[in-house]
Amino acid sequence: MDLLIPEIGLLVWNTIAFLVLVFLLGKFAWKPIMKAIHDREQNIDDALNKAELAKQEMARLTSQNEELMKQAREERDLILKEAKSLKDNIINEAKTQAQAEGAKLIEKARIEIENQKKAALAELKGQVSSLSLDIAERVLRNQLDDKNKQQELVNNLLKDVELN
Amino acid sequence: MYYNPVFVSRVKQVIVAFTLFLAFFVSKAQAATPIDSVIADTVVTVENDAQHHEAASHEAKKEEKGFDITSFIFHHISDSHYFTLFGHGEHGIHLHLPIILWTDKGLVTFSSKEFNFNDDGTVAVEKNGQRFAMAHNKIYYANETADAHGSFVSHELNDKGDEVVTNARPLDFSITKNVFSMLLSIVVLVILFTAAARGYKKRNGKAPKGIQSFMEPIILFVRDDIARPNLGHKYTKFMPYLLTVFFFIWFNNMLGLVPFFPGGANVTGNIAMTAVLAACTYLITTFKGNKDYWKHIFWMPGVPVPMKIFLAPLELIGTFTKPIALAIRLFANITAGHILVMSLLCLIFIFNSIAVAPASIFFAVFIGLIEFLVAFIQAFIFTTLSALFIGMAVEEHH
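Residues numbered from 1 in each chain as written. Chains lettered and ligands numbered in written order. Predicted model: local features only at pLDDT ≥ 70, side-chain atom pairs only at ≥ 80, totals over all residues. Heavy atoms only, no water.

Looking at an unreviewed UniProt entry, one finds chain A named ATP synthase subunit b, with Pedobacter montanisoli as its source organism. UniProt lists a comment for chain A under the heading Sequence similarities (unreviewed entry), and it reads "Belongs to the ATPase B chain family." (UniProt positions renumbered as here; feature names shortened; annotations may be inferred.)

## Describing the pattern of salt bridges
Within the structure shown, the criterion is met by 11 salt bridges over all chains. In this structure, Arg60 of chain A engages Glu57 of chain A in a salt bridge whose closest nitrogen and oxygen atoms are separated by 3.0 Å. Remark: Glu57 of chain A and Arg60 of chain A occur in helix 1 (residues 8-142); sequence separation between them is 3 residues, near one turn of the helix. When the shortest N-O distance is used, the salt bridge between Asp224 of chain B and Arg228 of chain B registers 3.2 Å. (Salt bridge = Lys/Arg side-chain N within 4 Å of Asp/Glu carboxyl O. Helix = DSSP H or I, 4+ residues; strand = E, 2+ residues; numbered from the N terminus.)

## Structural notes on the environment of His149 of chain B
Position of His149 of chain B relative to the elements: it lies in the loop between strand 7 (138-141) and strand 8 (155-157). Through-space distance from the C-alpha of His149 of chain B to that of Thr122 of chain B is 8.0 Å; in sequence the pair is 27 residues apart.

## So, the sheet that holds strand 7 of chain B
All names here are of chain B. Across the sheet, 3 strands lie side by side as 5-6-7; this open sheet has antiparallel pairing. Among the strands making up the open sheet, the edge pair consists of strand 5 (120-127) and strand 7. Taking the axes of each pair of neighbouring strands and ignoring which way they run, one obtains an average angle of 30° across the sheet. (Pairing = 2+ DSSP bridges. Axes fitted to C-alpha atoms, helices over the stretch in contact; angles between N-to-C directions.)

## Section: unusual backbone geometry
All names here are of chain B. Look at His136: it is not a glycine, yet its phi comes out positive at around 50°. Counting through the fold element by element, His136 comes out in the loop between strand 6 (130-135) and strand 7. Even without glycine at this site, Asn137 takes up a positive phi of about 65°. Looking at where Asn137 falls in the secondary structure, it is placed in the loop between strand 6 and strand 7.

Okay, structure coming up:
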């Protein structure tokens with residue numbers, strides 16, 4: 001059958017043409033195309049790898065940041081705590097100082113009062129003596145006859161004055 | 001090896017359905033020509049039927065006018081020295097392709113126009129003191145005198161009952177329809193893919209655009225689904241061959257389905273083309289085959305010695321049957337597709353009724369669409385099997 005017997009001319013032409021096609025396409029089409037596709041795939045892979053690395057770096061940085069934040073927070077807490085204790089100290093100190101000062105003032109006031117009292121007593125004593133003298137004078141003038149009685153009265157009076 | 005079983009079986013189902021459809025019509029019409037046989041998809045049956053047809057049609061011709069469907073179809077799927085743009089015979093417009101002959105007296109070239117569309121050897125062309133006649137698209141040395149029918153070639157019935165021309169033939173290196181179509185496809189492919197390659201150069205590292213983006217998925221398909229699974233890491237070396245084979249077969253399959261110029265030739269449905277392609281695969285497997293490959297052929301490891309001796313010739317024959325099967329598969333599939341479409345259209349002429357035309361055209365278009373798939377599948381299968389055979393030859397056994 002004709003269909004199954006290859007024509008020699010067709011065979012020759014087909015062989016030549018096909019080999020030429022393989023050569024031409026291989027050299028001018030497949031080589032650059034496959035290279036370009038391969039390069040691009042490589043590029044995409046690289047880019048993805050880089051993105052992955054960047055992501056990891058980001059994660060690292062984030063965790064580092066968190067660490068730093070935590071540290072800062074701790075430090076802040078510490079500082080606040082210190083400040084608080086310092087403040088308490090100062091307040092306490094101030095309180096004790098104030099107390100001491102107050103006590104001192106009170107002492108001073110007490111001493112002053114004592115002094116004033118003493119002065120007042122001294123003055124009172126003077127007044128009492130003059131008053132006594134007054135009384136005596138009056139007694140002398142009024143009841144000079146009963147000397148003993150008078151004397152007793154004077155003494156009693158003096159005693160009372162002194163007790164005050 | 002990867003096939004889509006659903007897909008393949010569907011194609012088969014459709015073919016079976018059409019066989020039944022045709023058988024039904026033929027039995028109803030009681031047509032003289034057993035048309036259902038032409039859709040048989042094995043080469044052997046095609047061959048036998050064709051012989052049967054030829055004999056039958058010759059008788060029919062003698063009796064009455066009749067429409068000789070077999071010779072019509074075979075005329076369409078076989079090679080020719082004309083490329084018909086449209087019309088028929090002297091009333092059509094044709095490309096007259098050059099005839100190049102290597103004769104006993106050297107090279108002879110002339111235009112096929114000189115045969116004046118004569119295909120039964122009744123016109124003898126004289127060149128360089130030699131006379132040539134064309135019969136059934138083949139060129140013979142013409143006899144000195146014409147016989148009773150006016151033919152310059154002698155006919156003889158061979159043992160199968162076929163009429164064969166007994167004249168000697170010069171070596172025919174003519175640019176026939178197939179050669180013309182193939183050269184055209186090569187020009188188109190080279191232009192197409194160098195354009196794509198330019199795109200890659202111009203837009204280096206960027207996303208593909210235009211023709212580049214159309215071709216890239218297919219190129220990647222060949223690389224990732226054909227070359228890599230079969231060839232492993234060694235695929236780069238064979239990519240140019242596999243890509244060329246794939247696109248060459250696919251493009252020519254598609255071109256063959258185009259019913260008008262520049263399509264219509266049957267390049268991949270011609271045994272000469274598929275034989276050349278299969279021979280390339282065979283040569284690559286043979287010359288790139290490593291020690292393991294040859295060892296598995298001649299001295300199969302892991303089996304007893306008598307078995308080794310028994311297997312060696314089988315394996316050796318296997319190396320030849322593989323490429324032969326490749327060639328036959330592609331040839332038979334594409335030829336069968338062409339025959340099928342032509343037969344469906346010929347139903348109109350067989351019934352001699354325009355009423356059949358809608359059904360006939362509907363089914364021809366349907367089969368035509370399936371042929372588009374077959375065009376791709378056959379390119380895919382040829383390339384995959386080539387990759388598989390090469391892969392087996394270069395595989396490293398550990």
